[in-house]
Amino acid sequence: MDVAAGGPMGFLIAGLIGLVIGAVAKLLMPGRDPGGWLVTMLLGIAGSWVGSFIASAMGMGGGTGFVGAVLGAMLLLFIYRLLRKG
């Protein structure tokens, strides 16, 4: 089954990768965050989209890789903390 086409296996792989990316972002930005592994996973998945979008907007191409995904997740974590604080 093709991961890019989606399907159950694609969702599982995206979830696992998102969990790793979100965990690395939280490790690099320690602090108390409400939410457990589900928030971490969603943060990692969305972070990879954000990192890819920002790199594309800067003319660096869409594929940012692991570092871009982690930086995007860290940006989302920062925004999430600002919104939860206020």
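Only a predicted model underlies this, so the values are computations on that prediction, with no experimental measurement involved.

## Overview of the packing of helix H2 (residues 37-57) against helix H3 (residues 65-85)
When two helices pack together, their arrangement is given by the angle between the helix axes and by the axis-to-axis distance.
At step 1: The contact between H2 and H3 brings their axes to 6 Å, and the two run at 115°. Pair H2 / H3 crosses with right-handed handedness. Contacts from Val39, Leu43, Gly44, Ala46, Gly47, Ser48, Val50, Gly51 and Ile54 of H2 reach H3 at Gly68, Ala69, Gly72, Ala73, Leu75, Leu76, Leu77 and Tyr80.
At step 2: A breakdown of the residues in the contact of H2 with H3 according to their chemical character gives 11 nonpolar, 6 polar and no charged.

## Observations concerning the nonpolar core
At step 1: Ile21, Ala25, Met29, Leu43, Ala69, Val70, Ala73, Met74 and Leu77 form the largest nonpolar core, which has 9 residues in total.
At step 2: For this core, the secondary-structure elements that each account for two or more residues are helix H1 (7-28) and H3.
At step 3: Here the element with the most residues in this core is H3; it accounts for 5 residues.
At step 4: Once you skip the residues sitting within four places of it in the chain, Leu43 turns out to touch Ala73, Leu76 and Leu77.

## As for a nonpolar patch on the surface
At step 1: Together, Phe53, Ile54, Met58, Met60, Leu75, Phe78, Ile79, Leu82 and Leu83 line one region of the surface with nonpolar side chains, adding up to about 960 Å² of accessible area.
At step 2: Listing elements by their share of the nonpolar patch, those giving two or more residues are H2 and H3.
At step 3: Structurally, Leu75 is set in helix H3.
At step 4: Using a relative accessible area of 35% as the deciding quantity, one classes Leu75 as partly exposed.

## Thoughts on H2
At step 1: Taking 1.5 Å per residue as the helical rise, H2 with its 21 residues ought to reach 30 Å, and the 30 Å between its terminal C-alpha atoms agrees with that figure.
At step 2: Within H2, burial applies to Thr40, Met41, Leu43, Gly44, Ile45, Gly47, Gly51 and Ala55.
At step 3: Taken from the residues just after H2, Gly59 is the one with a positive phi, measuring 80°.

## Focus: the environment of Ile17
At step 1: Mapping Ile17 onto the fold places it in helix H1.
At step 2: For Ile17, a relative accessible area of 47% corresponds to the partly exposed category.
At step 3: On a C-alpha basis, the gap between Ile17 and Ser48 in space is 9.6 Å, while along the polypeptide they are 31 residues apart.

## Considerations on the confidence of the model for the chain
At step 1: Chain-level pLDDT for the chain is 75 on average; 83% of the residues reach the 70-or-more range.
At step 2: No element of the chain has a lower mean pLDDT than H2, at 77, and none a higher one than H3, at 82.

Rules behind the numbers
Residues numbered from 1 in each chain as written. Predicted model: local features only at pLDDT ≥ 70, side-chain atom pairs only at ≥ 80, totals over all residues. Heavy atoms only, no water. Axes fitted to C-alpha atoms, helices over the stretch in contact; angles between N-to-C directions. Helix = DSSP H or I, 4+ residues; strand = E, 2+ residues; numbered from the N terminus. Left-handed = near helix turned anticlockwise from the far one by under 90°. Contact = heavy atoms within 4.5 Å. Nonpolar A, V, L, I, M, F, W, Y, C, P; charged D, E, K, R; others polar. Core = buried A, V, L, I, M, F, W, Y, C linked by side-chain atoms within 4.5 Å. Buried < 20%, exposed > 50% of the residue type's maximum accessible area, 1.4 Å probe, protein only. Patch = residues over 30% accessible without salt bridge, like charges linked within 9 Å, V, L, I, M, F, W, Y side chains within 5 Å. Areas by Shrake-Rupley, 256 points an atom, 1.4 Å probe, with all protein chains shown as cover. Salt bridge = Lys/Arg side-chain N within 4 Å of Asp/Glu carboxyl O. Expected span 1.5 Å × (residues − 1). pLDDT = per-residue confidence, 0-100.

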